[in-house]
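# Notes for the structure review
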Amino acid sequence: MRIVSGIKPSGQLTLGNYIGAIKQFLDLQEKFSNSSFFIFIADLHAITIPINSHELEKNIREIAATYIACGLDPLKVNIFLQSEVKEHTQLSYIMESTSHIGELERMIQYKDKKNYSETIRTSLFTYPNLMAADILLYDADIVPVGSDQSQHLELTRTLAKRFNHNYGKTFKIPEGYKSKIGSKIMSLTDPIKKMAKTEKSSKSYILLSDDLTSVKKKIYSAVTDNDNEIYFDEKKKPGLSNLLTIYASLSNNSIKETEKKFKNSSYKEFKDSVYKIIAETLEPIQKKYKSLINSKKLDEILDKGKKEASKIAELKILDVYNKVGLKR
Ligand code: TYM
């Protein structure tokens, strides 16, 4: 079994990234302890929108340290930088020569993001090709992602099948892996939008690096409603349902159990419990992070990850080039 996923270093990691992605990595690390794991920092994806180079460099290192601080075990998981394994870009080009323009135009994330800016980088448009390459390069069986990545994953499956059909069996068809609870954590200030590190208001998201006082403030000011009843209904009560989801996920309980637990609580009591469970989650992560961020050990882990990933990637790209006829 091979498990592959990545996170874009376009900012610091949010609680949404933790619940939707990292927590799934940790579950899979336990569940499939004999699997091979490739979890990378999707740094090439971060330059699809403008980003300061120093900031990018800082974010990359921070995400690497955060992966480990959250509990990824470098003995079981290969952690590496996407940009350090050059086959990602090579296969991405092959994917560009496999996908159709119409398919890329239909990508929701592209359609959303292109509205924000007059000048859109070409790489934002071809982004799903690189993502497909990230996955197919390693013959991933399982790809743990939040629900906002489902469409990209579906396209990856389509491209793999198309390539296999055109050139003979080359790629495994990967399966997505989503958490039952929390595959889309919403903004705290506008709970019909996804919690995202790129949002303007820092009140809308919780960063894994936020100090606990500001976490408390953000949870207390999170938008809810006025009917003072605690139950899950994403349509009628999006803010409250989002907080229930966060609590349920971090306490490893179902939504039903969580609703029952807080049935007779006030919103203030409930928010207090939500804050506490977030604080309990973040405190050990932040402590471990501090010991890692400037360590040489972190570089050793990334070097090893790069080496292991390259071994597989080099063979795969050779096979692909051969099949396509890029040879003499
Ligand atoms: P990115 O960096 O936007 O997000 C990283 C992961 O976090 C999940 N996520 C969320 N889950 C729940 N609630 C949220 N509010 C939330 N925000 C983000 C995302 O679904 C994702 O799983 N294109 C990808 C990175 C990538 C990738 C890959 C992933 C590049 N290549 C190959 C898997 C396999 C992205 O931009 O994720």
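Just above, that's the structure.
As the structure is a computational prediction, the values presented were derived from the model and not from experiment.

## Quick look at empty space enclosed by the protein
Rolled over the atoms, a probe with the dimensions of a water molecule shows which regions are left empty. Taken as a whole and assessed by the stated rule, the structure comprises two cavities of 30 Å³ or more. Its volume calculated, the largest cavity comes out at about 50 Å³. For the largest cavity, the full set of lining residues is Met 107, Gln 109, Tyr 110, Lys 113, Leu 124, Tyr 127, Pro 128 and His 152. Within the residue set of the lining of the largest cavity, elements represented by two or more residues are helix 6 (108-114) and helix 7 (122-136). Of the residues contributing to the lining of the largest cavity, the split by class is five nonpolar, two polar and one charged. In this structure, the second largest cavity encloses a volume near 40 Å³. What lines the second largest cavity is Ser 187, Leu 188, Pro 191, Ala 222, Val 223, Gly 239, Asn 242 and Leu 243. Of the residues belonging to the lining of the second largest cavity, the class tally is five nonpolar, three polar and no charged.

## Some words on the site of the ligand
Taken together, the neighbourhood of the ligand is formed by 27 residues, with Tyr 127, Asp 134, Gly 146, Asp 148 and Ile 185 sitting nearest. Between the ligand and Met 195, the relevant distance is 2.9 Å, taken from a nitrogen atom to a main-chain nitrogen or oxygen of the residue. In isolation the ligand offers 700 Å² of accessible surface; the protein chains occlude 98% of this area. Going through the elements one at a time, strand 1 (2-7), helix 1 (15-31) and helix 7 are the ones with two or more residues in the shell around the ligand. Split into classes, the residues belonging to the shell around the ligand amount to eleven nonpolar, ten polar and six charged.

Conventions adopted
Residues numbered from 1 in each chain as written. Predicted model: local features only at pLDDT ≥ 70, side-chain atom pairs only at ≥ 80, totals over all residues. Heavy atoms only, no water. 1 Å grid on protein atoms, 1.4 Å probe; cavity = no way out; pocket = protein on both sides within 12 Å on 5 of 7 lines; lining within 4 Å. Points joined across faces, edges and corners; volume = space filled by probe spheres on them. Helix = DSSP H or I, 4+ residues; strand = E, 2+ residues; numbered from the N terminus. Nonpolar A, V, L, I, M, F, W, Y, C, P; charged D, E, K, R; others polar. Near = heavy atom within 4 Å. Polar contact = N/O pair within 3.5 Å; in protein donor to acceptor, adjacent residues only side chain to side chain. Areas by Shrake-Rupley, 256 points an atom, 1.4 Å probe, with all protein chains shown as cover.

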